[in-house]
Amino acid sequence: MILTTGGAGFIGSNFVLDWCAASDEPVLNLDKLTYAGNLGNLASLRGDPRHVFVQGDIGDAALLGRLLAEHRPRAVLNFAAESHVDRSIHGAEDFIQTNIVGTFHLLESVRAYWSGLPAAEKAAFRFLHVSTDEVYGSLDEGAPPFGETHRYAPNSPYSASKAASDHLVRAWHHTHGLPVLTTNCSNNYGPYHFPEKLIPLCIHNALAGKPLPIYGDGQQRRDWLYVRDHCAAIRRVLEAGRVGEVYNIGGGSEMTNLEVVTRLCDILDALRPRADGKVYREQIRFVADRPGHDRRYAIDAGKLERELGWKPAETFESAIRKTVHWYLDNQEWVKNVTSGAYRDWIGKHYGD
Ligand code: NAD
Ligand code: DAU
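For the structure given in this document, a descriptive report is provided here. (Residues numbered from 1 in each chain as written. Chains lettered and ligands numbered in written order. Predicted model: local features only at pLDDT ≥ 70, side-chain atom pairs only at ≥ 80, totals over all residues. Heavy atoms only, no water.)

## Description of the overall build of the protein chain
Assigned secondary structure in the protein chain consists of 13 helices and 12 strands. The C-alpha radius of gyration of the protein chain comes to 20 Å, within 12% of the 20 Å expected for a compact globule of 352 residues. Counting only contacts in the protein chain whose residues sit at least 6 apart along the sequence, the fraction spanning at least 24 positions is 80%. (Helix = DSSP H or I, 4+ residues; strand = E, 2+ residues; numbered from the N terminus. Rg over C-alpha atoms; globule rule 2.2 N^0.38 Å. Contact = heavy atoms within 4.5 Å.)

If you want it as structure tokens, here you go:
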């Protein structure tokens, strides 16, 4: 079996669902169930013996030791993290704890387990660390996209904590020989995306008749990738990636935030027109910028394509429509995740 951490979050749950759709190999899924983790994402696997869920922390060495010894996974995939830049600006402690200290404990537990495996299992074992393009910092306009050797220059507490975790993973390979793989991916979107992030927040606010908040001038650029394409890339890297290597993953689909939000508005105008006959673009509001806001990210995913033959199956146009459809069809999911604690966050971050 494989062990995933953070498999009840946005990308992790999409990964677990896609894995179980494509394979009979069981998944042991360890997730702390923070505000961002939701077992409802995995409801379709209820009763399926291939999915074993355990609520717990990647920093809990005793729990990890027991789980690894009992289930003997052939691979560990680390999705678990605090993932929202704005939250890391309000308070970084959870980011340091999970993304850095948690990754350290996970690496140590996995190293102890891996060291004791018989030779063949030891050679086949993989630790795959899921990371982000934000570790490379901000790109100037016109500069070539991030390659795997781009220097690290993280600018937010979130990206600094992810950069630190990438360095730990690298060191556990170079010093201890742990067979690691690291992926650095661009912005994802798709089903089960928590509505604190730009795309699901704007779909949710649009339908609720609320403002669509654009930070600063809205000209910041991101490279958007459909989450299921990201999951396919991770499966491919796990299957055939070279040990110790880093693979950048991106959608080749760079857009400004304003372009993304106006596209969402236009799709909603077509699929769910406003009752008053007006257009959703009228709900766009320019608000105070994010402190330290990175201007541009773009990924060169050429290594992954050349070495492992991966390319995104979706374009932004095809997958953003699927995504909007998913949110329209899953308003109950949105209602469940936007209760209580979510409202506190929105009040704290955006005020009135
Ligand atoms: P998410 O916030 O939606 O989910 C994180 C999951 O990790 C949640 O289920 C949460 O309960 C769990 N978790 C948090 N702390 C934990 C702990 N200490 N122990 C165990 N579980 C814990 O995040 P996401 O967007 O799905 O991101 C997953 C990974 O991918 C992260 O490492 C993130 O840095 C990376 N990433 C995200 C994106 C993106 O666009 N969302 C892009 C590139 C890389
Ligand atoms: O690049 C990969 C990263 O993408 C991941 O590592 C992070 O985990 C993930 O959260 C995401 O980070 P971003 O900060 O790019 O995503 P977010 O959806 O928060 O913001 C996208 C852009 O939209 C960013 O430039 C900030 C802007 N934004 C965001 C929000 C929430 C707004 O203009 N208004 C908003 O209300």
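## Brief notes about the site of ligand 2
Every one of the 24 residues lining ligand 2 counts as a neighbour, but Asp133, Tyr158, Arg290, His293 and Tyr350 are closest to it. Side-chain polar atom of asparagine 187 to an oxygen atom of ligand 2: 2.7 Å apart, as the coordinates give it. Interatomic distance of 2.8 Å between a backbone N/O atom of proline 213 and a nitrogen atom of ligand 2. Protein coverage of the free-state accessible area of ligand 2, which is 680 Å², stands at 95%. (Near = heavy atom within 4 Å. Polar contact = N/O pair within 3.5 Å; in protein donor to acceptor, adjacent residues only side chain to side chain. Areas by Shrake-Rupley, 256 points an atom, 1.4 Å probe, with all protein chains shown as cover.)

## Topic: the site of ligand 1
Taken together, 28 residues form the shell around ligand 1, and within it Ile11, Asp31, Ser83, Tyr158 and Lys162 come nearest. Isoleucine 58 places a polar main-chain atom, nitrogen or oxygen, 3.0 Å from a nitrogen atom of ligand 1. Here phenylalanine 79 contributes a backbone N or O atom positioned 3.3 Å from an oxygen atom of ligand 1. Coverage of ligand 1 by the protein amounts to 97% of the 840 Å² it exposes when considered alone. Looking at the shell around ligand 1, the elements with two or more residues in it are helix H1 (10–22), strand S5 (126–132), helix H6 (157–176) and strand S7 (187–189). Examining the composition of the shell around ligand 1, we find that three residues originate from one element, S5, more than from any other. Residues of the shell around ligand 1, tallied by class, amount to 12 nonpolar, 12 polar and four charged. (Nonpolar A, V, L, I, M, F, W, Y, C, P; charged D, E, K, R; others polar.)

## Re the nonpolar core
Among the nonpolar cores identified, the biggest contains 71 residues, and Leu77 and Ile199 are the most heavily contacted of them. Among the elements that make up this core, the one with the highest residue count is helix H11 (residues 316–329) (seven residues). Aside from chain neighbours lying at most four places away, what touches leucine 77 is Ile2, Leu3, Thr4, Thr5, Phe15, Leu128, Ile234 and Leu238. (Core = buried A, V, L, I, M, F, W, Y, C linked by side-chain atoms within 4.5 Å. Buried < 20%, exposed > 50% of the residue type's maximum accessible area, 1.4 Å probe, protein only.)

## Here we look at the layout of surface pockets
In this approach, a probe sized like a water molecule rolls over the atoms, and the result shows the empty space that is left. The space that makes up the largest pocket amounts to roughly 490 Å³. If you trace the largest pocket, you find 24 residues lining it, with Asn205, Pro213, Ile346, Tyr350 and Gly351 closest to the centre. Where the lining of the largest pocket is concerned, the elements lending two or more residues are helix H3 (85–90), helix H7 (198–207), strand S8 (212–215), strand S12 (284–287) and helix H13 (340–350). For the lining of the largest pocket, the element with the most residues is H13, which contributes five residues. Split into classes, the residues belonging to the lining of the largest pocket amount to 11 nonpolar, six polar and seven charged. Of the pockets and cavities examined, the second largest pocket occupies roughly 330 Å³. Lining of the second largest pocket is provided by 16 residues; of these, Arg170, His174, Gly244, Glu245 and Val246 occupy positions nearest its centre. Taken together, the elements giving at least two residues each to the lining of the second largest pocket come down to H6 and strand S6 (180–185). When residues in the lining of the second largest pocket are grouped by element, the largest group, five residues, is from H6. Of the residues belonging to the lining of the second largest pocket, the class tally is four nonpolar, seven polar and five charged. (1 Å grid on protein atoms, 1.4 Å probe; cavity = no way out; pocket = protein on both sides within 12 Å on 5 of 7 lines; lining within 4 Å. Points joined across faces, edges and corners; volume = space filled by probe spheres on them.)

## Overview of unusual backbone geometry
Backbone geometry at arginine 72 places phi at a positive 45°, although glycine is not the residue there. Here arginine 72 shows up in the loop between helix H2 (61–71) and strand S4 (75–78). Overall, arginine 72 belongs to the partly exposed group, its relative accessible area being 42%. Despite not being glycine, tyrosine 192 shows a phi value in the positive range, around 65°. Tracing the backbone through its elements, the reader meets tyrosine 192 in the loop between S7 and H7. The class of tyrosine 192 is buried, set by a relative accessible area of 17%.

Everything listed here is a matter of geometry and, on its own, says nothing about what the molecule does.
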